[in-house]
Amino acid sequence: MSLVAGFDSSTQSCKIEVRDADSGALVRSGRRAHPPTVPPRSEQDPHAWWDALSSLLDEHGDGVASISVAGQQHGMVVLDTARRVVRPAKLWNDTESAPQAAALLERWGARRWADVVGTVPVASLTVTKLAWLREHEPEHFARVSHVLLPHDWLTQQLTGELGTDRGDASGTGYWSVSREGYVPDALALVGLDAAVAPRVLAPGETAGQHHGASVAAGTGDNMGAALGLGLQEGDVAISLGTSGTVFAVSGQPTSDASGAVAGFADATGRFLPLVCTLNATRVTDTVARLLGRTHDEMEALAHASAAGASGLVLLPYLDGERTPNLPDATGTLAGLRSDTAPAQLARAAYEGVVCHLLEALDALGRSGVPTERGRLVVVGGGARSSLYLQLLADLAQRAVEVPEPAEYVARGACVQAAAVLTGRDVARVAHEWAPGGTLVEPRRDVDAASVRSAYAGLRQRTHPETGEAP
């Protein structure tokens, strides 16, 4: 049996899966926590990621012949000429660069950013964090010789080589999905040139070696999840975690000047248009805390309330929001009455999160991505909640597929490692390893249109800049 190791280096933790390179069967796994962060300033010392990854590799890596790292997207890791970390990494959910994002957007305009890069600047993108660094920490900016993403830096720690992949590079704000290369003019806006960016490795290319094991190019976490799920063109995935993502595999790049859809590349040579929300299960966690209930009690409460929560509507922008781009927003509760019951508040929290994610799905469709012909796959911590799953099916009025529980980002990294080890095509390995799942069917007696219309109406009244309700 040949073994491969895949890592998921996320904001919260580092996870490892070791799998059989031929069958994809899970052999062993492990996890290490990362230091906690709290937006708007969300930063971590990259060495903490390395401590977690290297300790997991020491514990679980015996016999591993190939390795790949999938990491949280967008994070800014800046190195000096000696490849030393200049300052803590700013993470994707750090929103301090919102003013710089607005300034970059003004410089080029949304249409040019969408056409040239594929993504309109928001605070999460690496390019905005570089602009922030230049403005607020010029002494650190002056030392910048290399700009890496989290997975790039960890791959460099393993191999000693600088490199990235097209999937993660497409989330920087200075790599073009239409041109398949860096955009020097975008880097020039923040006072840098393309020499700071690492070489982009092709899908299936080897990044180097680590103690005799081959190391794949790695990728971003969403691209890793798409591999782990075995997504095919037309499939849509909803990742329901602390934050939320909705993404689809597409044969063509997208160009969305509204900024809702990030035009990412994937790790196979195709594309992965994606909508990201900052607020998902953290919303129901927060309401459970306010009500003094456990997760199970919170879900039971919500089950006890009818669809629509008797007119109570929650706009779930608790910690600002990325989509729509409202970094300073807060949550809004409408329809509160003197007879409002805890069950209705619980229900409104779940419905608010689901409506928020389904508006993200609608945005994918408006950008030209065919979202109706394939599977609607739900993963993440929220996929363990029967209520979240049923509400997604009910309010989308389509069946949702729930794959078998797994760490899909780490699994996708294993797909990459297996492709490098065996010489097989990455997309083929992903398809061969695609997991099975169960279906949750929608209840046809639920008035989905009414629930979604109430949510969209509150959004438009509270934030009219986001546009009319669809």
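Nothing here was measured: the structure is a model prediction, and the numbers come from that model.

I would appreciate a short explanation of the overall build of the protein in the present structure.
A tally of regular secondary structure across the protein gives 16 helices and 24 strands. Over its C-alpha atoms the protein spans a radius of gyration of 21 Å, differing by no more than 12% from the 23 Å that the globule rule assigns to 470 residues. Projecting the C-alpha coordinates of the protein onto the three principal axes gives extents of approximately 65 × 50 × 40 Å. Within the protein, residue pairs in contact and separated by at least 24 positions form 72% of the contacts whose partners lie at least 6 positions apart. Counting only carbon and sulfur atoms, one obtains 49% of the accessible surface of the protein, whose full area is about 17200 Å². Of the side-chain charges in the protein, 39 are positive and 54 negative, and the distance between the mean point of each set is 1 Å.

Please explain helix α1 (residues 46-60) as it appears in this structure.
Residues separated by three or four positions in an α-helix point in the same direction, a consequence of the helix having 3.6 residues per turn. When the terminal C-alpha atoms of α1 are compared, their 21 Å separation across 15 residues agrees well with the 21 Å that a helix rising 1.5 Å per residue should span. Looking at α1, one finds that the buried residues are Pro46, Trp49, Trp50, Ala52, Leu53, Ser54, Leu56, Leu57 and His60. The distance from a side-chain oxygen at the start of α1 to the backbone nitrogen of His47 is 3.0 Å, and the residue carrying that oxygen is Asp45.

Can you help me understand the layout of surface pockets in this one?
The gaps of empty space that remain are located by a probe, the size of a water molecule, rolled over the atoms. Size it by volume and the largest pocket reaches roughly 1200 Å³. Lining the largest pocket are 46 residues, and of these Asp8, Ser239, Gly241, Gly380 and Gly381 sit closest to its centre. Only β2 (13-20), α9 (221-229), β16 (236-240), β17 (244-248), β19 (271-277), β22 (376-379), β23 (400-403) and α14 (408-422) provide two or more residues apiece to the lining of the largest pocket. Considering each element in turn, the lining of the largest pocket owes the most residues, three residues, to α9. Grouping the constituent residues of the lining of the largest pocket by class yields 18 nonpolar, 19 polar and nine charged. There is about 600 Å³ of room inside the second largest pocket. Lining the second largest pocket are 27 residues, and of these Ser258, Ala260, Thr323, Pro324 and Thr466 sit closest to its centre. With five residues, helix α12 (residues 342-366) is the single largest residue contributor to the lining of the second largest pocket.

Any chance you could explain the packing of helix α10 (residues 281-291) against helix α11 (residues 295-303) here in plain terms?
For any two helices packed against each other, the geometry comes down to the angle between their axes and how far apart the axes lie. The contact between α10 and α11 brings their axes to 9 Å, and the two run at 95 degrees. Relative to α11, the element α10 lies roughly perpendicular. For the pair α10 and α11, contact is made by Thr284, Asp285, Val287, Ala288 and Leu291 and by His295, Met298 and Leu301, respectively. Residue composition of the contact of α10 with α11, by class: five nonpolar, two polar and one charged.

Can you walk me through the side chain of Gln390 in this structure?
Along the chain, the position of Gln390 falls in helix α13 (residues 386-396). On the basis of relative accessibility, which here comes to 18%, the residue Gln390 falls in the buried class. Contacts of Gln390, omitting those with residues within four sequence positions, involve Val440, Glu441, Pro442 and Arg443.

Any chance you could explain the environment of Val200 here in plain terms?
Residue position: Val200 is located in strand β12 (residues 200-201). For Val200, a relative accessible area of 27% gives the class partly exposed. Placed 36 residues apart in sequence, Val200 and Thr164 show a C-alpha to C-alpha distance of 4.9 Å. Setting aside residues no more than four positions away along its own chain, Val200 makes contact with Thr164, Asp165, Arg166, Ala169, Trp175 and Tyr182.

Any chance you could explain unusual backbone geometry here in plain terms?
Backbone geometry follows two general trends: most residues other than glycine have a negative phi, and most peptide bonds adopt the trans configuration. For the bond from Pro39 to Pro40, the omega torsion is 15 degrees, close enough to zero to count as cis. Here Pro40 shows up in the loop between β3 (26-33) and β4 (43-44). In this chain, Thr323 is followed by Pro324 through a cis amide linkage whose omega measures 0 degrees. Take Pro324: it is sitting in the loop between β20 (313-315) and β21 (332-334). Of note in this structure, His74 is not a glycine but carries a positive phi near 75 degrees. Here His74 lies in the loop between β5 (64-71) and β6 (77-79).

Procedures and definitions
Residues numbered from 1 in each chain as written. Predicted model: local features only at pLDDT ≥ 70, side-chain atom pairs only at ≥ 80, totals over all residues. Heavy atoms only, no water. Helix = DSSP H or I, 4+ residues; strand = E, 2+ residues; numbered from the N terminus. Rg over C-alpha atoms; globule rule 2.2 N^0.38 Å. Contact = heavy atoms within 4.5 Å. Areas by Shrake-Rupley, 256 points an atom, 1.4 Å probe, with all protein chains shown as cover. Lys, Arg positive; Asp, Glu negative; His and termini not counted. Charge placed at Lys NZ, Arg CZ, Asp CG, Glu CD. Expected span 1.5 Å × (residues − 1). Buried < 20%, exposed > 50% of the residue type's maximum accessible area, 1.4 Å probe, protein only. Polar contact = N/O pair within 3.5 Å; in protein donor to acceptor, adjacent residues only side chain to side chain. 1 Å grid on protein atoms, 1.4 Å probe; cavity = no way out; pocket = protein on both sides within 12 Å on 5 of 7 lines; lining within 4 Å. Points joined across faces, edges and corners; volume = space filled by probe spheres on them. Nonpolar A, V, L, I, M, F, W, Y, C, P; charged D, E, K, R; others polar. Axes fitted to C-alpha atoms, helices over the stretch in contact; angles between N-to-C directions. Parallel < 35°, antiparallel > 145°, perpendicular 65-115°, else oblique.

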